[in-house]
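# Commentary on secondary and tertiary structure
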Amino acid sequence: MLQLASFHTHYWPLVRFLVPLAVTNIAVDLGEQALNRGIAAVKEDAIEMLASYGLAYSLMKFFTGPMSDFKNVGLVFVHSRRDRIKAVLCMVTAGTVAAVFHILIAHTDLGYYIINKLHHVDDSVGTKTRKAFLYLAAFPMLDSLAWTHAGILLKHKYSLLVGCASVSDVIAQIVFVSILLHSHLECTEPLLIPILALYMGVMVRFTMVGLGYYKNVHDIIPERSGPEMGGEATIKKMLAFWWPLALILATQRISRPIVNLFVSRDLGGSPAATEAVAVLTATYPVGHMPYGWLTELRAVYPAFDKNNPSNKLGNVINKSHIKRFTFTCLAISVTLCFVVFWTPHLSEKILVNLIGVNFAFAELCVIPLRIFSFFPFPVTVRAHLTGWLMTLKKTFVLAPSSVLRIVLLITSLIVLPYMGVHGASLGVGSLLAGFLGESAMVAIASCYVYRQEKKKRTLDTAAAEGEDSAMNYDVVPEEMSEVVELDEDE
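A quick note: this is a predicted structure, and the numbers were derived from the prediction, not measured. (Residues numbered from 1 in each chain as written. Predicted model: local features only at pLDDT ≥ 70, side-chain atom pairs only at ≥ 80, totals over all residues. Heavy atoms only, no water.)

## Structural notes on the overall build of the chain
Along the backbone of the chain there are 20 helices and zero strands. Every one of the 490 residues in the chain was classed for burial, and the buried ones make up 54%. A separation of at least 24 residues holds for 83% of the contacts in the chain among residues at least 6 apart in sequence. Carbon and sulfur atoms provide 67% of the accessible area of the chain, an area that totals close to 22400 Å². (Helix = DSSP H or I, 4+ residues; strand = E, 2+ residues; numbered from the N terminus. Buried < 20%, exposed > 50% of the residue type's maximum accessible area, 1.4 Å probe, protein only. Contact = heavy atoms within 4.5 Å. Areas by Shrake-Rupley, 256 points an atom, 1.4 Å probe, with all protein chains shown as cover.)

Right, dumping it as C-alpha cells:
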C-alpha cells in the first residue's frame, strides 16, 4: 500500500507527463509510415518515388529540426506574453530563410549539385526530389511555430494536449493519404499525395496547440516577466540557449542525408543504390519507433525543476525519482526493440502491413532494423543528461558532441565498406557509431559541469560561513564593551 502511494506521489506525475510526449514521438513515426504507404501504393515506379521523397524529406528535416527544438525555449524561457512574441519572431525569421533555401535548391544549379551529383542518383530521381523539396518550402515555418507553442504548453504541464495535437496530425495525414489515393493525383502527380497530407497534418497540429495556448495559458501569464521569474528573457538569451540544441538536432537531421549520400555513392548510383535508399526510407521510422520517444525524457528535468514558476511538485519529485523513472523507460524500450526486431518474421509482417511493400523488399529491412535495437542506450544517456543541463541553462557544453557525432558517422561510412558492409546496413551501423560517440561526449560534458557546480557550491558555502564568522566577531567586542561599562557604573 505504501509502495502504491509512493508511486502515485512520486512517479505518476512523471508518467502522466511523459506518456503523451511518447505518443507524440511515435505518432510522428506513424505519420511517416502513412506517407510512405501513400507512395508505395502507387504501382508505377514505387521504389523510385520512395527514394525521391525520402531524399527530399530528409533534407527538409535538416531545416525543420533545429527550429522545432525551439520547443525547449518555450519550455525554459517563456514566462510572459512578451517572451512568447520574441520566440515567435525568431521562428518566423528562421522559417523564411529556410523557405528561400528550399526555392534555391529546387530552381538553381545548387540543387542539381546537392541532389544529382552528390547522391549519384539518375536524372529522373533527382528531378522528382527537387520538385518535392520545392513543395515542402513552407513546412519548416509551420512546424516550428507549432513546436514553440507546444513548449509553452509543456511548461504548464499540458502534455496531454500536445500529445493529442500530434496524434490528430497523424490521423489527418492518414485520412488525406486515403482520400488522395482515390483522386486523379495518383496518375498526374503522385508525389503530391504525401506532401499535401503532411501539410494538412501540420495545419491541424498548429491549430490545436495555438488554440490550446490561448485557452489555457495566455490569460494566466503576465504581460512581462518579473524578478521572481528571473527577469524578462531577451532574444540573445534565447538564441544562446537554443543554438547548441539546434546544432545537435541539425547534425541529427543531416545524418540521414549524409547516410543516403554515402550509401548511394557506395553502390555507384546503380538500381541497387536506389533500392538501398528506399530501404533506409522505410526502416528509419519503423526502427525509430520503439526508442525515439526516449528523447522526450529531456523535457522531464526542466518541467519538474523546483525553480520553474509553474511547477508545484518541486519538493515532491527529486532527482532520484527522475533517475529511477529514466532507467525504467530504458528497460521498456530495449525490451520492445528486441521483441519486435528479433522475433522471426515479425518485422517483415509489420513492414508489409504498415507500409504495403512486398515481402522480398521487407526482408532487406530485417538486418538494419536489428541494428536499431541498440539505439536506446545512447539515446537515454543523451536525453537524461541534456535535460539536466537545460535546467542549468548550460547547453553550450553540448556543442562538441554534435561535431564528434558527424566525425564518427562519416568515418564509419568510409571504413565499413572495406569490411564488407554495404547498403542499408552500412547506413544504420554508421548512425549507431555516431550516436555512441555523441552520448559519450554529452556524458563527459555533464561531468565537467557537475564538477563546476560542485566547486561553485563549495565556494558559496565557504563564503557564507565567512560572513557568519565575521558577523559574530563584530558582535563580541560590542558585548564586551557593554560589560565594561556596567563594571564601571558599579
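Moving on from the coordinates now.
## Quick look at the pattern of salt bridges
Considering all chains together, one arrives at seven salt bridges under this definition. R205 is paired through a salt bridge with D143; the nearest N and O atoms lie 2.5 Å apart. A residue pair is termed long-range when its members are at least 10 positions apart, and R205 in helix 10 (residues 192-216) and D143 in helix 7 (residues 139-155) qualify at 62 residues. An identical accessibility class is assigned to R205 and D143; each is buried. One salt-bridge network, held together by shared partners, links D143, D169 and R205. (Salt bridge = Lys/Arg side-chain N within 4 Å of Asp/Glu carboxyl O.)

## Focus on a positive patch on the surface
Together, K319, K323, K454 and R457 give the surface a local cluster of positive charge. Listed by contribution, the elements that provide at least two residues to the positive patch are helix 14 (319-342) and helix 20 (423-489). Mapped onto the elements of the fold, R457 is located in helix 20. (Patch = residues over 30% accessible without salt bridge, like charges linked within 9 Å, V, L, I, M, F, W, Y side chains within 5 Å. Lys, Arg positive; Asp, Glu negative; His and termini not counted. Charge placed at Lys NZ, Arg CZ, Asp CG, Glu CD.)

## Concerning a nonpolar patch on the surface
Judged by side-chain polarity, F338, W342, F374 and F377 come together as a nonpolar surface patch covering roughly 370 Å² of accessible area. For W342, the location among the structural elements is in helix 14. Note on W342: relative accessible area 37%, which makes it partly exposed.

## Comments concerning the packing of aromatic side chains
If you walk through the whole model with that rule in mind, you get eleven aromatic pairs. Here a set of aromatic residues connected by ring pairs shows up, and it is made of Y291, F372, F375 and F435. Its end group placed over the ring of W147, K71 keeps NZ or CZ at 5.0 Å from the ring centre. Note that K157 overlies the ring of F304, its terminal NZ or CZ placed 5.3 Å from the centroid. (Phe/Tyr/Trp six-rings, centres within 6.5 Å; stacked < 30°, edge-to-face > 60°. Lys NZ or Arg CZ within 6 Å of the ring centre and 35° of its normal.)

## Some words on helix 15 (residues 346-354)
Where helix 15 is concerned, the buried positions are S347, E348 and L351. Looking straight down helix 15, one finds that the buried residues subtend no more than 105° of arc, so they occupy a single side. Facing away from the buried side of helix 15 by more than 90 degrees, the exposed set consists of K349 and N353. The inward-facing, buried residues of helix 15 abut helix 12 (271-292), helix 14, helix 16 (359-364) and helix 17 (366-371). Of the residues trailing helix 15, G356 is marked for its positive phi of about 95°. (Arc of directions from axis to C-beta.)

## Remarks on the nonpolar core
Judged by nonpolar contacts, the single largest core of 95 residues is most densely connected at L14, F17, V259, L297, V300, F372 and F375. Among the elements that line this core, the one with the most residues is helix 11 (residues 235-266), at ten residues. Not counting residues within four places of it along the chain, the set of residues in contact with F372 comprises T283, Y284, G287, Y291, C337, F341 and V428. (Core = buried A, V, L, I, M, F, W, Y, C linked by side-chain atoms within 4.5 Å.)

## Section: helix 6 (residues 123-135)
Here helix 6 contains 13 residues, and its C-alpha end-to-end distance of 18 Å stays within 8% of the 18 Å for a straight helix at 1.5 Å per residue. Listed in full, the buried residues belonging to helix 6 are V125, G126, T129, R130, A132 and F133. One side of helix 6 holds all its buried residues, which, seen down the axis, span an arc of 160°. (Expected span 1.5 Å × (residues − 1).)

## Some thoughts on the environment of M67
Tracing the backbone shows M67 in helix 2 (residues 46-68). Residue M67 is classed as buried on the basis of its relative accessible area of 4%. C-alpha of M67 to C-alpha of G95: the two residues are 28 residues apart in sequence and 7.9 Å apart in space. Setting aside chain neighbours within four positions, we find M67 in contact with M91, A94, G95, A98, P140, S144 and W242.

## Here's the deal with the packing of helix 11 against helix 19 (residues 399-415)
It is the contact of helix 11 with helix 19, at a shortest axis distance of 8 Å, that shows an interaxial angle of 10°. One finds that helix 11 runs roughly parallel with respect to helix 19. Residues W243, P244, L247, I248, T251, Q252, I254, S255, I258, V259 and F262 of helix 11 form the contact with helix 19, whose participating residues are A399, S401, S402, R405, I406, L409, I410, L413 and I414. (Axes fitted to C-alpha atoms, helices over the stretch in contact; angles between N-to-C directions. Parallel < 35°, antiparallel > 145°, perpendicular 65-115°, else oblique.)

## With respect to the environment of G210
Along the chain, the position of G210 falls in helix 10. In this structure, the C-alpha to C-alpha distance between G210 and A146, residues 64 residues apart in sequence, is 7.2 Å.

## Overview of unusual backbone geometry
Backbone geometry at H345 places phi at a positive 70°, although glycine is not the residue there. Along the chain, H345 turns up in the loop between helix 14 and helix 15.

## Re the side chain of T395
Within the secondary structure, T395 sits in the loop between helix 18 (376-391) and helix 19. Looking at T395, the relative accessible area reads 1%, which means it is buried. In this structure, T395 is in contact with A240, F241, P244, L245, L389 and M390, ignoring residues within four places of it in sequence.

By themselves, these are just geometric observations and shouldn't be taken as functional.
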